[in-house]
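Chain by chain, the residues run as shown.
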Amino acid sequence: MIQRVAIKIDGMIIRAPKGTSVLDAALDYGICIPHLCRVPYLSDIGACRLCIVEHVVNGRSKITTSCTLLVKEDMVILSNTEEVRKLRRNIAELIVAEAPNSRAIQDVALRCGVKEVRYPFRNSDCILCGRCVSVCTGRFGVKAIGFVGRGNERRVETPFNMRSELCRDCGACIDVCPMAVVPCGGPMKTGEERLCGNCEPKMAFAEQTPGFCVWCDLGEGFQCERYAMGLRK
Amino acid sequence: MRKINTISDLEALREELQNFRKNFDTTLVLCGGTGCQASRSRELINRVKGEVTKQGLEKKVLVRATGCHGFCEQGPIVVVEPGNIFYCHVMPDDAQEIIAETVCNGEVIERLLYTDPVTGKTIQTESEIPFYRSQDRQLLAQNRQVDPCSIEDYIAIGGYSAISKTLAGMAPEAIIEEVKTAGLRGRGGGGFPTGRKWAECLEAPGDEKYVICNADEGDPGAYMDRSVLEGNPHLVLEGMMIGAWAVAAQQGYVYVRNEYPLAVEHIRVAVQQARELGLLGENILGTSFSFDVEIARGGGAFVCGESTALMASLEGKVGEPRPKDIHTVVDGLWHKPTVLNNVETWANIPSIVLNGSKWFASKGSKNSKGTKILALTGRIKNTGLVEVPMGTSLQTVIFDVGGGPTGKSIRAVQTGGPSGGCLPIDKFYLPLEFDALAEAGSMIGSGGIVVMDEETCMVDVAKYFLAFLQDESCGKCVPCRLGIDRMLEIITDITEGLGTPEQIDLLEDLANTVSETALCALGKTAANPVLSTLRYFPDEYDAHISQKKCPAGVCQALVTYSIDPEICTGCGICKRECPHEAISGKKKQPHKIDPQLCQKCGICKSECNFEAIQVK
Ligand SMILES: Cc1cc2nc3c(=O)[nH]c(=O)nc-3n(C[C@H](O)[C@H](O)[C@H](O)COP(=O)(O)O)c2cc1C
Ligand code: SF4
Ligand code: FES
């Protein structure tokens, strides 16, 4: 029999099977915790840091990522505090400043409340979320791509920079890539990057019930786990 | 060498070795550490040995090549015992004179003695030298007593008696209790209570457990772990053996930085010798305790010193940190309970077991016990490796041990390595200990201390450390990879005179976000250089932003070079040396720099004999 534990997220008592992450448990109950590097059913790498929550232990709260935190009896989680929202917004701002030309990333930023970007935009092709690497190695056990280099040099690469013999052309890496979704208005030219903001009205509903999943459509763009798991249909 | 099977075997060997050493009249202690090797100590050691043989003194004079003595800038160092005569800057050619004069005739060679830079007088013994006088060298002093490649030396000075005491009758719980009450906290930077870490590991379920010694030491300018591992590897091994007994581990690893060839060599020899004697392996000292150690060489990245990255690297994976929602004491190396401690932490264990927790806790401050090794560098008279009780004030370390400024007056100190912080001179009363420094926005870290004077620009310092951390960040998580990058972008703007007042708020907001949300401690502490300089030197940032000036004259874009007509003699050297032909003037008349042509290379400043070049 599956053991279940009870945890509290934002005051709501949730029961989840032992071994699930707080993020999974929350999404199951329709509590919206934004996330990006997470790919359903794969082990989490905790890289994007968008899924942060406050974990309250003995009255003191600690910021941690919910995708890597496993549920434990009587755990107390706050997913939508002022502090969490601020930090999440700042992280999303960093990401969207690198990749204004991705609709998925624009959606994440909007969902996280980014209203302005205080850094000069850079137009990167890859934001190193690692979703492709996770899918390739985690789901298919293939390792046709991986990370190389560190710091600024980090990038996703095939082994020895050649097409890997192991690659089966399954295309899963492209399916999960947030960069593969172009903004509705088409690519932005260098120097003209901006926050798209077209979907802002869609957030209105979400803003009234913060923290609860309202199937906000943005989720589809940023490949929210709930969409990816096909819960909608 | 015969195997040691019991505790009495060990004691018998010890007595034998000690008696043998009594036969020598004189001991020549020569430093052979990495620092002194750079100043030809290897050659000196060979010459001294050759000279001893030539004079037929082998039975009377013991020549001991040891690890680092700490005062590397004075190397190579030779100490003559008895008498503790301290010679510095000894060259291979001095070997003969030392043997002839000091060893045979008992004469002190005046010109090889240390000269106190303050009084100008020579000093004969180590304990009188101000640099050493204000220290408490519990760990470092042992370096002088042993040849790191000789297990006999270590045993002769009482080595491996802590493990024999342990195995003779201290239960794991008793050892852990002793370490807990001693109040030992990790020396690798975090300051986590060692006893608590061990207790958690002992309690963790599983039969297979590991202990690891972290000798990755990637901080630029730090070499305390190197000197201990290189100078006294058996001490570290003994500490690990006690730890392994306490947490019930059978296997240990020493993860040592590849750039430390001498340390790798010495620990390898030490492990080999301990195995040959039976101090590592099955049924150590005739007990049920079995333990062995392997040496692993580090991948060379700073981040590989982080606990989870180190373990990944040991497992043969990419050295990248992973989330630590489950601690490594439960889920560590190969998912087994693992204790990871720093070199210096391990080195403290044997004396805690031998002398008791009370003795250890008698040194240090309320919440930081024992001594700490520091790498003291920067604009001060004496630099080197220093060991002081925790809680010693910055003031004492910088002015008493360090001997004060070299020229310009001291204005700040940077402690804790690349992710530490900068403290201004009015904070020099602060004690060097974990909590006080953390509260002030810096940290003790692994023990790096860089002293800065008026020619140091604090914004530039923050920029330097950010650039280091940007290179060394593994790049996995967003706040660290992009956050450091953007902080560096902003700071670079400021140093180039492109900064705006709003950027200060952004910088602070970003710095806090990075420290709150980064995955590992590299990112979590990466903002320290920024936050501490913003906190203590806001005027300096302001000068860069609103006046477009760098008060210290460091930021190239913000300074102009000019010649003081009052001082300039018109000698013409600068005019000749300037590669950009920016200087003009007639012979014997004050010269001038054309700001349009000046590339701010600084050559004129270094060439001028009259200090007439002004940088403002
Ligand atoms: C980026 C980074 C680098 C580190 N480098 C070292 C190191 O070189 N040596 C070390 O002992 N600890 C280092 N640490 C600290 C270790 O993660 C770990 O806390 C320590 O080895 C534990 O030992 P201790 O409790 O004895 O200090 C580093 C931590 C970080 C985040
Ligand atoms: S904080 Fe920096 S070093 Fe640590 S995991 Fe994140 S990117 Fe890597
Ligand atoms: S860190 Fe949790 S989803 Fe990216």
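Residues numbered from 1 in each chain as written. Chains lettered and ligands numbered in written order. Predicted model: local features only at pLDDT ≥ 70, side-chain atom pairs only at ≥ 80, totals over all residues. Heavy atoms only, no water.

A. Looking closely at helix H4 (residues 131-139) of chain A. All names here are of chain A. When H4 is considered as a whole, its buried residues turn out to be Arg131, Cys132, Val133, Ser134, Val135 and Cys136. Those residues of H4 that are buried lie in contact with strand E6 (146-148), strand E7 (155-157) and helix H5 (172-175). Once H4 finishes, Gly141 follows within two positions and takes phi at roughly 60°, a positive value. (Buried < 20%, exposed > 50% of the residue type's maximum accessible area, 1.4 Å probe, protein only. Helix = DSSP H or I, 4+ residues; strand = E, 2+ residues; numbered from the N terminus. Contact = heavy atoms within 4.5 Å.)

B. Just the side chain of His266 of chain B, in detail. Residue and element names in this part refer to chain B. Relative to the elements of secondary structure, His266 occurs in helix H13 (residues 261-277). Exposure remark for His266: the relative accessible area of 9% places this residue in the buried category. Leave out the neighbours within four places in its chain, and His266 touches Pro148, Cys149, Leu229, Glu230 and Pro233.

C. Region of interest: the domain arrangement of chain B. Residue and element names in this part refer to chain B. Per the domain assignment, the segments making up chain B are domain 1 (7-133), domain 2 (151-361), domain 3 (371-456), domain 4 (459-546) and domain 5 (560-615). Taken together, the contact between domain 1 and domain 2 spans 17 residues of the former and 18 residues of the latter. Of the roughly 1,400 Å² buried where domain 1 meets domain 2, counting both sides, 62% is carbon and sulfur surface. When residues of domain 1 are sorted by the area they lose upon contact with domain 2, Ile7, Leu10 and Arg14 head the list and together hold 37% of the total. Across the contact surface, domain 1 and domain 2 share 2 salt bridges. Two residues, Arg21 and Asp153, come together in a salt bridge whose shortest N-O distance is 2.5 Å. The interface formed by domain 1 and domain 2 contains 5 residue pairs in polar contact (both at pLDDT 80 or more). (Domains from an automatic or database assignment. Buried area = accessible area lost by both parts, 1.4 Å probe. Salt bridge = Lys/Arg side-chain N within 4 Å of Asp/Glu carboxyl O. Polar contact = N/O pair within 3.5 Å; in protein donor to acceptor, adjacent residues only side chain to side chain.)

D. Spatial organisation of the interface of chain B and chain A. Counting from both sides, the interface comprises 29 residues of chain B and, opposite them, 30 residues of chain A. Both faces considered, chain B and chain A share a buried interface measuring about 2,700 Å² in area, 52% of it formed by carbon and sulfur atoms. Scanning the region where chain B abuts chain A turns up 6 salt bridges. The salt bridge partner of Glu98 of chain A is Arg486 of chain B, with a shortest N-O separation of 3.0 Å. Across the chain B-chain A interface, the total number found is 19 residue pairs in polar contact (both at pLDDT 80 or more). Counting residues per element, the ones that place at least two in the side of chain B that touches chain A are helix H18 (458-472), helix H19 (478-495) and helix H20 (501-517) of chain B. Among the elements that make up the side of chain B that touches chain A, the one with the highest residue count is H19 of chain B (9 residues).

E. Looking closely at the pairing of strand E2 (residues 12-17) of chain A. Pairing geometry for strand E1 (residues 4-9) of chain A and E2 of chain A, over 6 bridges, is antiparallel. The residue of E2 of chain A that forms the bridge with Ala6 of chain A is Arg15 of chain A. (Pairing = 2+ DSSP bridges.)

F. Geometry of the site of ligand 2. Taken together, 13 residues lie near ligand 2, and Cys474, Lys476, Cys477, Cys480 and Cys520 of chain B sit nearest. Counted by class, the shell around ligand 2 contains 9 nonpolar, 3 polar and 1 charged residues. (Near = heavy atom within 4 Å. Nonpolar A, V, L, I, M, F, W, Y, C, P; charged D, E, K, R; others polar.)

G. Fine view of the side chain of Ser161 of chain B. All names here are of chain B. Considering the arrangement of structural elements, one finds Ser161 in helix H8 (residues 161-169). A polar side-chain atom of Ser161 sits 2.5 Å from the main-chain carbonyl oxygen of Gly158. When sequence neighbours within four positions are dropped, the list of residues in contact with Ser161 reads Arg14, Glu238 and Leu354.

H. How the structure looks around the packing of helix H11 (residues 224-231) of chain B against helix H15 (residues 343-361) of chain B. Residues and elements named next belong to chain B. Here H11 crosses H15 at 45°, and the two axes come no closer than 9 Å. As judged from the angle between their axes, H11 and H15 are oblique. Between H11 and H15 lies a crossing of left-handed hand. Counting all contacts with H11, which are made through Asp225, Val228 and Leu229, the residues of H15 involved are Val343, Glu344 and Ala347. Class assignment of the residues belonging to the contact of H11 with H15 gives a composition of 4 nonpolar, no polar and 2 charged. (Axes fitted to C-alpha atoms, helices over the stretch in contact; angles between N-to-C directions. Parallel < 35°, antiparallel > 145°, perpendicular 65-115°, else oblique. Left-handed = near helix turned anticlockwise from the far one by under 90°.)

I. Focus on the site of ligand 1. Residues and elements named next belong to chain B. Around ligand 1 there are 18 residues in total, and Gly188, Glu217, Asn341, Asn342 and Thr345 lie nearest to it. One of the backbone nitrogen or oxygen atoms of Arg187 is found 3.3 Å away from an oxygen atom of ligand 1. Take Asn342: an N or O atom from its side chain is 2.6 Å from an oxygen atom of ligand 1. Those elements giving two or more residues to the shell around ligand 1 turn out to be strand E10 (338-342) and helix H21 (521-526). Examining the composition of the shell around ligand 1, we find that 3 residues originate from one element, E10, more than from any other. For the shell around ligand 1, the residue count by class is 4 nonpolar, 9 polar and 5 charged.

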